[in-house]
Amino acid sequence: MNYKIENIKTFNVSKALKLDCGQTVKDFPLAYETYGKLNKSKDNAILVFHALTGDQFVSGINPVTKKEGWWVTAVGPGKAIDTNKYFVICANVIGGCMGSWGPKEIDKKTREPYGLNFPVVTIRDMVKAQETLLDHLGIEKLLCATGGSMGGMQLLEFCTIFPNKTFSAIPIACSTSHSAQNIALNELARQAIMADPVWDKGKYLAKNVQPKNGLAVARMVGHISYLSEKGMQEKFGRKLQEKADYEFSFDANFQVESYLRHQGSTFVERFDANSILYITRAMDYFDLSKHFKNGLIEAFRNQKTKFLVISFSSDWLYTTKENKDIVIALNASGADVSFSEIKTDKGHDSFLVNETEFLKTLKGFIDSMHVKFKNEKRI
Amino acid sequence: MKKEFKVIADLLPNNVRVLDVGCGDGSLMSHLIAEKNIEARGLELKKENVTKCIYKGLPVIEGNAETELNQFPNQSFDFVILSQTLQAFYNPEKVLKDLLRIGKSVIISIPNFGYWKVRTSLLFFGKMPVTKTLPNSWYNTPNLHMCTIKDLFDFCVKKRIKIKKAVGINENKTSEITKNNLEIKNFFSKLGIFLIS
């Protein structure tokens, strides 16, 4: 990445955190951002977990990239998650590259960027680190926690580790563990990065260079998986890129090629290649039932949180079936759960775009939960 | 039908766990939460109804009762309610079996095809009946398996399903259905409500 991470909010996690890999860490930075105001009764806090390539800048303008926040369609004044009404918090995951403790940070021992010396972190580790932020902000119980894709995985993990930390939860387009296909796609992304000679076993930062080509290919893989076949066909078809006919060359002849190349080249500006390795690895290791002998049902036992699971009909990365399995497990453990499948051609990315039915559902649930949470607090 | 809600509420003790299959816009769940403080869950097929439930803060799962009841574990609810939808299933017998598996008790209401106005419509006018409880024409009705109060009664006897209580509703009057008054109630009730287990 080419941006300097300056003038962002960070919180020092002073509490010792035992990582899944066995290492214990403390005194590391967690970068975060908040939107709206926490009210006096503290019943309006919403925690958002970001996805693989997201960051803490959910809404407004990202001060680092100067581009719109990644969930500006859903979060902001007057939006489905209305920041005039709610206090929205989002933290950059550990292993990330937007100011939180990650592989591009300086290792105090070697005084060089961690690179591959950074510990392999898990979704659980990410979630535990973020929980400490709630204490720091003085929030005992959240009104709602939500996240799509890897954000949804963090959310499910959060609910099982801290069963009474949020009144309601909206996991979106996610699953309780990575499928073979999910792992395969992530491996493709990792191999693309590692095959770039500039990557140099992760030590590129010390030389002030970046494996741009590998990282761009990794991003292209991701982008293909975020769109549906139909959505892609409708958007690009076989349309040529500013050309009347084939060029008989390997430049971007087709619009879809040009689109992927563009996505790849802009991504390398804002993301660290090693972070992709670490975060995709965390996703692959994710298996919600791993820490419970009797699987998912036990994982969700004693849940007081009210869930709304949302899936998208054309999402082939985390399918409706996988999302329904979450619902079935929640149901079987007696939890309060709602489920809605949004019919759309926009694929996995549906939660990031202006999908009316989805945003309407999100708003309806959060607003009704706010009423219930206020009542509960009063009693 | 508000009367139906009242009869169903009267069949329920307080604070029980209830699954409303085909919960529509959640009106019955809301009513039962207010009256009996139940812990409610809904299953609903239609998107607009699912969204309405979510707006009301009611827990609802979008899904098809015909194919997706297997997600609910055995005896996981005190009561399962099926309000005026039994006749719309391809395989009502299978659905009924599933409901009895999921719920310790089951409450079913049916629009009674044995109601006298329904009978006379066919008898005197030779046309498929269209009434308040059966508002659709033959070509657009969702109802595939119409039955009468007597049919359901006989079905329960045949399948050894215990009828704990049966109530007939006609306009604003409700009355208990027994083996002895079955013929007459089958003639005068618009709606039949069965509590079975």
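Residues numbered from 1 in each chain as written. Chains lettered and ligands numbered in written order. Predicted model: local features only at pLDDT ≥ 70, side-chain atom pairs only at ≥ 80, totals over all residues.

## Focus on the overall build of chain A
Point 1. Helix and strand content of chain A: 10 helices and 14 strands.
Point 2. C-alpha extents for chain A along the principal axes are approximately 70 × 50 × 40 Å.
Point 3. Residue burial in chain A is summarised as follows: out of 379 residues, 51% are buried.
Point 4. Restricting the contact set of chain A to residue pairs at least 6 apart, pairs at least 24 apart contribute 71%. (Helix = DSSP H or I, 4+ residues; strand = E, 2+ residues; numbered from the N terminus. Buried ≥ 20, exposed ≤ 12 C-beta atoms within 10 Å, placed from the backbone. Contact = placed C-beta atoms within 7 Å.)

## Considerations on the overall build of chain B
Point 1. Counting its secondary structure elements, chain B contains 8 helices and 8 strands.
Point 2. With the principal axes as the frame, chain B shows a C-alpha extent of 45 × 35 × 30 Å.

## Remarks on the nonpolar core
Point 1. Ile46, Val88 and Cys144 of chain A together with Val80 of chain B are the most contacted members of the largest nonpolar core, which has 165 residues in total.
Point 2. Both domains that furnish three or more residues to this core are identified here as domain 1 (9-178 + 288-378) and domain 2 (183-280) of chain A. (Core = buried A, V, L, I, M, F, W, Y, C linked by C-beta atoms within 7 Å. Domains from an automatic or database assignment.)

## Re unusual backbone geometry
All names here are of chain A.
Point 1. Even without glycine at this site, lysine 42 takes up a positive phi of about 55°.
Point 2. Assessed through the 16 C-beta atoms surrounding it within 10 Å, lysine 42 is described here as partly exposed.
Point 3. The backbone of lysine 66 shows a phi angle near 65°, a positive value even though the residue is not glycine.
Point 4. Here lysine 66 is to be found in the loop between strand E5 (45-49) and strand E6 (75-76).

## Section: the environment of leucine 317 of chain A
All names here are of chain A.
Point 1. For leucine 317, the position within the fold is in the loop between strand E13 (306-312) and helix H9 (320-332).
Point 2. A sequence separation of 132 residues divides leucine 317 from leucine 185, and the C-alpha atoms of the two residues are 9.5 Å apart.
Point 3. Other than its neighbours up to four places away in sequence, leucine 317 contacts Asn182, Ser225, Tyr226 and His348.

## A short note on helix H3 (residues 47-55) of chain B
Residues spaced three or four apart along an α-helix face the same direction, because each turn holds 3.6 residues.
Point 1. Among all positions of H3 of chain B, only Val50, Thr51, Cys53 and Ile54 of chain B are buried. Viewed along the axis of H3 of chain B, the buried residues span an arc of 160°, placing them on a single side of the element.
Point 2. On its buried face, H3 of chain B is in contact with E13, strand E14 (336-342) and helix H10 (356-378) of chain A together with strand E2 (39-44) and strand E3 (60-62) of chain B.
Point 3. Of the residues one or two after H3 of chain B, glycine 57 of chain B is the one with positive phi, at around 75°. (Arc of directions from axis to C-beta.)

## Focus on the interface of chain A and chain B
Point 1. Chain A puts 20 residues into the contact, and the matching count from chain B is 13 residues.
Point 2. Those elements that place two or more of their residues in the side of chain A that touches chain B are E13, H9, E14 and H10 of chain A.
Point 3. In terms of residue count, H10 of chain A provides more of the side of chain A that touches chain B than any other element does, 8 residues in total.
Point 4. Among the residues forming the side of chain A that touches chain B, the class breakdown is 9 nonpolar, 6 polar and 5 charged. (Nonpolar A, V, L, I, M, F, W, Y, C, P; charged D, E, K, R; others polar.)

## Observations concerning helix H3 (residues 180-194) of chain A
Residue and element names in this part refer to chain A.
Point 1. In this model H3 runs 20 Å from its N-terminal to its C-terminal C-alpha over 15 residues, within 8% of the 21 Å that 1.5 Å per residue would give.
Point 2. When we look at burial in H3, the residues that qualify are Asn186, Ala189, Arg190, Ala192 and Ile193. Along the axis of H3, the buried positions cluster into a sector of 160°, meaning they face one direction only. Projecting away from the buried face of H3 at angles above 90 degrees are the exposed residues Ala180, Gln181 and Ala184.
Point 3. Summarising the contacts, the buried residues of H3 are in contact with helix H4 (212-226) and helix H7 (273-285). (Expected span 1.5 Å × (residues − 1).)

## Re the pairing of strand E4 (residues 28-35) of chain A
Residue and element names in this part refer to chain A.
Point 1. As paired strands, strand E1 (residues 9-13) and E4 are joined by 5 bridges and run antiparallel to one another. When the bridges of E4 are listed, phenylalanine 11 appears paired with leucine 30.
Point 2. Of the pairings in the sheet, the one linking E4 to strand E8 (residues 87-91) comprises 4 bridges and is antiparallel in character. Looking at the pairing, glutamate 33 lines up with cysteine 90 of E8. (Pairing = 2+ DSSP bridges.)

## As for the packing of helix H1 (residues 2-11) of chain B against helix H2 (residues 27-36) of chain B
All names here are of chain B.
Point 1. Two numbers describe how H1 lies on H2: the axes approach to 10 Å, and their chain directions differ by 45°. With respect to H2, the element H1 is oriented oblique. By crossing handedness, the relation of H1 to H2 is classed as right-handed. Contacts from Phe5, Ile8 and Ala9 of H1 reach H2 at Leu28, His31, Leu32, Glu35 and Lys36.
Point 2. Broken down by class, the residue content of the contact of H1 with H2 amounts to 5 nonpolar, 1 polar and 2 charged. (Axes fitted to C-alpha atoms, helices over the stretch in contact; angles between N-to-C directions. Parallel < 35°, antiparallel > 145°, perpendicular 65-115°, else oblique. Left-handed = near helix turned anticlockwise from the far one by under 90°.)

## Overview of the packing of H4 of chain A against helix H6 (residues 255-270) of chain A
Angle between the axes and distance between the axes: these two values describe a pair of packed helices.
Residue and element names in this part refer to chain A.
Point 1. Packing of H4 against H6 brings their axes to within 8 Å, and their N-to-C directions diverge by 125°. If you check the angle between H4 and H6, you find them oblique. In the packing of H4 onto H6, the handedness of the crossing is right-handed. When H4 is examined against H6, the residues Lys212, Leu215, Ala216, Val217, Arg219, Met220 and His223 are found in contact with a partner set consisting of Leu260, Gln263, Gly264, Ser265, Phe267 and Val268.
Point 2. Among the residues making up the contact of H4 with H6, the classes are represented as 7 nonpolar, 4 polar and 2 charged.

## As for the domain arrangement of chain A
All names here are of chain A.
Point 1. What the domain assignment reports for chain A is domain 1 (9-178 + 288-378) and domain 2 (183-280).
Point 2. Taken together, the contacts link 26 residues of domain 1 with 21 residues of domain 2.
Point 3. Split into classes, the residues belonging to the side of domain 1 that touches domain 2 amount to 11 nonpolar, 10 polar and 5 charged.

## Quick word on the pairing of E2 of chain B
Residue and element names in this part refer to chain B.
Point 1. Burial analysis of E2 places 5 of its 6 residues in the buried class, which makes it a mostly covered element.
Point 2. Here strand E1 (residues 17-21) pairs with E2 via 5 bridges, running parallel. In the strand pairing of E2, leucine 19 is matched with arginine 41.
Point 3. Each parallel crossover has a hand, and for E1 linked through H2 to E2 it is right-handed.
Point 4. Both E2 and E3 contribute to a ladder of 3 bridges, which runs parallel. Residue pairing across strands places leucine 43 opposite isoleucine 61, the latter belonging to E3.
Point 5. Read as a crossover between parallel neighbours, the route from E2 over H3 to E3 is right-handed. (Right-handed = clockwise from strand over helix to strand, strands pointing away.)

## Observations concerning the environment of lysine 304 of chain A
Point 1. Along the polypeptide, lysine 304 of chain A turns up in the loop between helix H8 (295-299) and E13.
Point 2. Sequence separation of lysine 304 of chain A and aspartate 336 of chain A is 32 residues, and the distance between their C-alpha atoms is 7.5 Å.

## As for the environment of alanine 299 of chain A
Point 1. Checked against the element boundaries, alanine 299 of chain A lands in helix H8.
Point 2. Owing to 23 C-beta atoms within 10 Å, alanine 299 of chain A belongs among the buried residues under this scheme.

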